[in-house]
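This is what each chain is made of:
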Amino acid sequence: RSRAPEWRMKPVKRGTVRLPKAEQDALCRHYTEDVDAARIAAALDIPRHMSVMDPHAGKGAFIRAFLARGHPVAGMDVDPEATALAVPEYRCVMGDFLADEPPVRPDWIVGNPPFTNAPPHIVRAIGLARLGVAFVLPIRYLSSRKREDLWAEHPLSALWIFADRLHYSGSKTTAPDDYALFVWRKNQRGGCLLYHSVPGAPDRKRKRRTVLRGMTG
């Protein structure tokens, strides 16, 4: 039976709901850049017939990356101003990933969850995805005592370390943390595979020099 119809969703129009400023500030609007979403999609190398959902779609970087690779995609975001909600082909709906029913049950869930409250998003994603989950998170998440139970109950399948510092949309500098792609594969047996670099790192210093040169004339 084809699952195609469940991917035909009507997007929420951007700006139809306005949140109080305090709630907007709590939304953690730090969006992954397209170049990093594309290299993550390439590193994961998920078979193209498998569906992918980003539950924190933001500006749609992960959705664009997997669409470009031929995947059925979907997304959701709690922020009514999220750009992805306004683009019909992104197949996004507005909703809280922890509280609302997602638009589909995908094969894979990939994205950039809110770092301030990531554990429940990880557990929710692992329970929902059919085959696997991949989230960008600070490496320091591995060393916290308060997350020991999380790693015991949901051991990692793979860890892809970003040798370069990531740059998030809206920020004028690279992120202060070191990051990795945390991967859970439901059909994998054995220990966690460690990859020391996510291929395809852009020359961020060159990009910054170009911007500064333009600013100075």
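Residues numbered from 1 in each chain as written. Predicted model: local features only at pLDDT ≥ 70, side-chain atom pairs only at ≥ 80, totals over all residues. Heavy atoms only, no water.

Q: What is the right way to look at unusual backbone geometry in this model?
A: A negative phi angle is the norm for most residues apart from glycine, just as the trans form is the norm for most peptide bonds. A positive phi angle is found at Asp45, which is not glycine, with a value near 50°. Take Asp45: it is sitting in the loop between helix 2 (34-44) and strand 2 (52-54). (Helix = DSSP H or I, 4+ residues; strand = E, 2+ residues; numbered from the N terminus.)

Q: Would you mind showing me how to read helix 3 (residues 61-68) here?
A: Because each turn of an α-helix spans 3.6 residues, side chains separated by three or four positions end up pointing in the same direction. Along helix 3, the residues classified as buried are Ala61, Phe62, Ile63, Ala65 and Phe66. At the exit of helix 3 stands Gly70, carrying a positive phi of roughly 90°. (Buried < 20%, exposed > 50% of the residue type's maximum accessible area, 1.4 Å probe, protein only.)

Q: Help me understand the environment of Asn112, please; the structure alone is not making it clear to me.
A: Counting through the fold element by element, Asn112 comes out in the loop between strand 5 (108-111) and helix 4 (118-128). Taking the relative accessible area as the measure of exposure, Asn112 reaches 10% and is therefore buried. At a separation of 3.3 Å, a polar atom in the side chain of Asn112 contacts the side chain of Thr32. (Polar contact = N/O pair within 3.5 Å; in protein donor to acceptor, adjacent residues only side chain to side chain.)

Q: Just checking my understanding: could you explain the pattern of salt bridges for this structure?
A: Any two side chains of opposite charge can pair, so long as their charged atoms come close to each other. A full pass over the atoms with the stated rule returns six salt bridges. Across the pair Asp36 and Arg39 runs a salt bridge whose closest N-O atoms are separated by 2.8 Å. With a gap of three residues between them, Asp36 and Arg39 both fall in helix 2, about one helical turn apart. Looking at Arg39, the relative accessible area reads 5%, which means it is buried. Asp164 serves as the salt-bridge partner of Arg39, at 3.0 Å between the closest nitrogen and oxygen. You can see Arg39 sitting in helix 2 and its partner Asp164 sitting in the loop between strand 7 (158-161) and strand 8 (168-169), a full 125 residues away along the chain. We note that Arg39, like Asp164, is buried. (Salt bridge = Lys/Arg side-chain N within 4 Å of Asp/Glu carboxyl O.)

Q: Help me understand the side chain of His56 in this model?
A: Checked against the element boundaries, His56 lands in the loop between strand 2 and helix 3. In contact with His56, other than residues within four places in its own chain, are Met76, Asp77, Phe97, Asn112, Pro113, Pro114, His121 and Phe135. (Contact = heavy atoms within 4.5 Å.)

Q: Whenever I open this one, the packing of aromatic side chains confuses me. Can you help?
A: To describe a pair of aromatic rings, one takes the distance between the centres and the angle between the planes. Here the structure, examined in full by the defined rule, presents four aromatic pairs. Taking the centre distance of 6.2 Å and the plane angle of 10° together, the rings of Trp151 and Trp184 count as stacked. Of this pair, Trp151 sits in helix 5 (residues 148-153) while Trp184 sits in strand 9 (residues 179-185), and the two are 33 residues apart along the sequence. On the numbers, 3.9 Å between centres and 10° between planes, the contact of Trp160 with Tyr195 is stacked. (Phe/Tyr/Trp six-rings, centres within 6.5 Å; stacked < 30°, edge-to-face > 60°.)

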